[in-house]
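Per-entry structural report
Given next are the chains, with one letter for each unit.
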Amino acid sequence: MGLFGYLERANNFRKMLWGGFLFILLRHEYSNIRNSWVFVCNYHIGDNYVFFSLMDSFKKKHNAKNVTILTDPVSADIARLFPSIDIIRVSKQLPDGIANQFITRFIRFRRDSIFVLDFPLSVEQMSQSRIHFADGIKIGLRLPLTAERSRPDLNRISSIDMTPFGELLGTGKTILISPHSYSISMIQNDFWHKLVEVAKEKGFNILCNVTGKEKSLPGTVAISPTILQAMSLTSAVGIFIGMRSGLCDVLTSVSATKVILYPDTNSRDIWSLGNIDHTHELVLNNTEPILVVEKIFHIIDQ
């Protein structure tokens, strides 16, 4: 093992210790919550979204009267869309995802306990066993793989302020694209440049979703909506094209044509959104960009 290997192990060990310390503090802070299941949801928004959508099935299976969620501010906005979640608490300091398996070894799956959302299987194990990531969350919640996921209450986003995007929505045909992802391998820029080129030839305006230091594509308008604004925006423009990411999970509930892109078949098998109305999943597998772009606009034109 080289120097970088040792440094990575040391960093992971540090995260586990820090995560364990934070977990102890959280248990102490929320020890007065009785007759409730308390979950620390510290993954990305897509994982948390699937988890939240399973809370109704969880409460029925485990006869749980109350569910409390501790999560980050962005995921808290998503959690509020699910009526089956009774209490939502926001915490800016949560155990790192790497610490989850370390923590879950020392707690029991029972009411009046506080524990973290954890994947019982690694991505590599899910890939080898052909287990979908949503099924991995079901296994962690002691739910059958047939457990149903509830849909969010979209009436709760009707009051979202869309003023910053008002002018953009009145400019004719519009597509919202999201070319960045931290979940799977990125698609080469050649594809995105060809997509933008063809879209503009067809008279579309292109909004490019970016966050942090991400860069927008030439010929597009960069926007950085909140997660709830992104839901309203997708519904308003009617067309979304994006790399598979946590945002795609959230947008499954929105009425719009959605084209979700995967770099290869293996990533699609693990992270597929499943058979959802108006949602089309395409695998690139080194296909020529123009062929994929043509297929996308064939879907849009239907």
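Quick summary incoming for the structure in this document.

Remarks on the packing of aromatic side chains
Enumeration according to the criterion identifies nine aromatic pairs in this entry. For the pair Phe-39 and Phe-51, a centre-to-centre distance of 5.0 Å together with 70° between the ring planes defines the contact as edge-to-face. Linking Phe-39 in strand β1 (residues 37-41) with Phe-51 in helix α2 (residues 45-53), this pair joins segments that are 12 residues apart in sequence. Of the two residues, Phe-39 and Phe-51, neither departs from the other in class, the shared state being buried. Considering the side-chain rings of Phe-133 and Trp-271, the 5.0 Å spacing of their centres and the 45° angle between planes classify their relative orientation as tilted. One end of the pair, Phe-133, is in helix α7 (residues 133-140); the other, Trp-271, is in helix α11 (residues 265-271), with 138 residues separating them in the sequence. The same class applies to Phe-133 and to Trp-271, which are both buried. Over the aromatic face of Phe-204 sits the side chain of Lys-173, whose NZ or CZ is 4.4 Å from the ring centroid. Taking the ring centre of Phe-297 as reference, the NZ or CZ of Lys-202 above it sits at 5.5 Å.

Focus on the packing of α2 against α7
When two helices pack together, their arrangement is given by the angle between the helix axes and the distance between those axes. For the pair α2 and α7, the least separation of the axes is 10 Å and the interaxial angle reads 55°. Considered as vectors, α2 and α7 are oriented oblique to each other. With respect to the hand of their crossing, α2 and α7 are arranged in right-handed fashion. Counted together, Asp-47, Val-50 and Phe-51 of α2 and Phe-133, Ala-134 and Ile-137 of α7 form the full contact between these two elements. When the residues that make up the contact of α2 with α7 are grouped by side-chain class, the tally is five nonpolar, no polar and one charged.

Parameters at a glance
- Residues numbered from 1 in each chain as written.
- Predicted model: local features only at pLDDT ≥ 70, side-chain atom pairs only at ≥ 80, totals over all residues.
- Heavy atoms only, no water.
- Phe/Tyr/Trp six-rings, centres within 6.5 Å; stacked < 30°, edge-to-face > 60°.
- Helix = DSSP H or I, 4+ residues; strand = E, 2+ residues; numbered from the N terminus.
- Buried < 20%, exposed > 50% of the residue type's maximum accessible area, 1.4 Å probe, protein only.
- Lys NZ or Arg CZ within 6 Å of the ring centre and 35° of its normal.
- Axes fitted to C-alpha atoms, helices over the stretch in contact; angles between N-to-C directions.
- Parallel < 35°, antiparallel > 145°, perpendicular 65-115°, else oblique.
- Left-handed = near helix turned anticlockwise from the far one by under 90°.
- Contact = heavy atoms within 4.5 Å.
- Nonpolar A, V, L, I, M, F, W, Y, C, P; charged D, E, K, R; others polar.

Limitation: the analysis is restricted to geometry and does not speak to function.
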